[in-house]
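Overview (structure and organization)
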Amino acid sequence: QVQLAESGGGPVQAGDSLRLSCGASGSTVYIAAMGWFRQAPGNEREFVAAVRWGGGSPEYADSVKGRFRLSRDIRTHTIYLQMSELKPEDTAVYYCAAKSYGASAFNSWGQGTQVTVSS
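Worth saying up front: this structure is predicted, and the values here are computed from it rather than measured. (Residues numbered from 1 in each chain as written. Predicted model: local features only at pLDDT ≥ 70, side-chain atom pairs only at ≥ 80, totals over all residues. Heavy atoms only, no water.)

Scanning the entire structure with this criterion turns up three aromatic pairs. Aromatic pair Phe 37 and Phe 106: ring centres 5.2 Å apart, planes at 75°, arrangement edge-to-face. Taken together, the positions of Phe 37 in strand β4 (residues 31-39) and Phe 106 in the loop between β9 (92-100) and β10 (108-109) put the pair 69 residues apart, joining distant regions of the chain. There is no split in this pair, since Phe 37 and Phe 106 are both buried. Centroid distance Phe 37 to Trp 109: 5.0 Å. Interplanar angle 65°. Geometry classified as edge-to-face. Linking Phe 37 in strand β4 with Trp 109 in strand β10, this pair joins segments that are 72 residues apart in sequence. Of the aromatic side chains, those joined through ring pairs into one cluster are Phe 37, Phe 47, Phe 106 and Trp 109. (Phe/Tyr/Trp six-rings, centres within 6.5 Å; stacked < 30°, edge-to-face > 60°. Helix = DSSP H or I, 4+ residues; strand = E, 2+ residues; numbered from the N terminus. Buried < 20%, exposed > 50% of the residue type's maximum accessible area, 1.4 Å probe, protein only.)

It is worth spelling out the sheet that holds strand β8 (residues 78-83) at this point. Reading across the sheet, the four strands line up as β1-β3-β8-β7 and stay open at both edges, with antiparallel pairing between neighbours. Because the sheet does not close on itself, it has two edges, and the strands there are β1 (2-7) and β7 (68-73). Neighbour to neighbour, the strand axes of the sheet diverge by 20° on average, direction disregarded. (Pairing = 2+ DSSP bridges. Axes fitted to C-alpha atoms, helices over the stretch in contact; angles between N-to-C directions.)

Here is the structure:
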């Protein structure tokens, strides 16, 4: 099993920047991909960004492309989400997720961290 722990959320103003972190522990050798999802009140959880652990460029949702950047530290199994030009519609609980080799979907989740953007 993989355990994920997020940090870095909080209240910000529109136009501000914020960086989220997520560290993985446990059976990290089985991680095939890591990423971020978010869920706003009344909405379903949606994809934000993800990267294959073996290499390649991160993928982004259209709504955050150009404003958010996902990076990773392979040595510590940590990913970061640098969020810039934040908008009120970015307000959500942000979840870190990991997908194991052979899994068809992300199958490990963090507890979530709240990001609140006020106008």
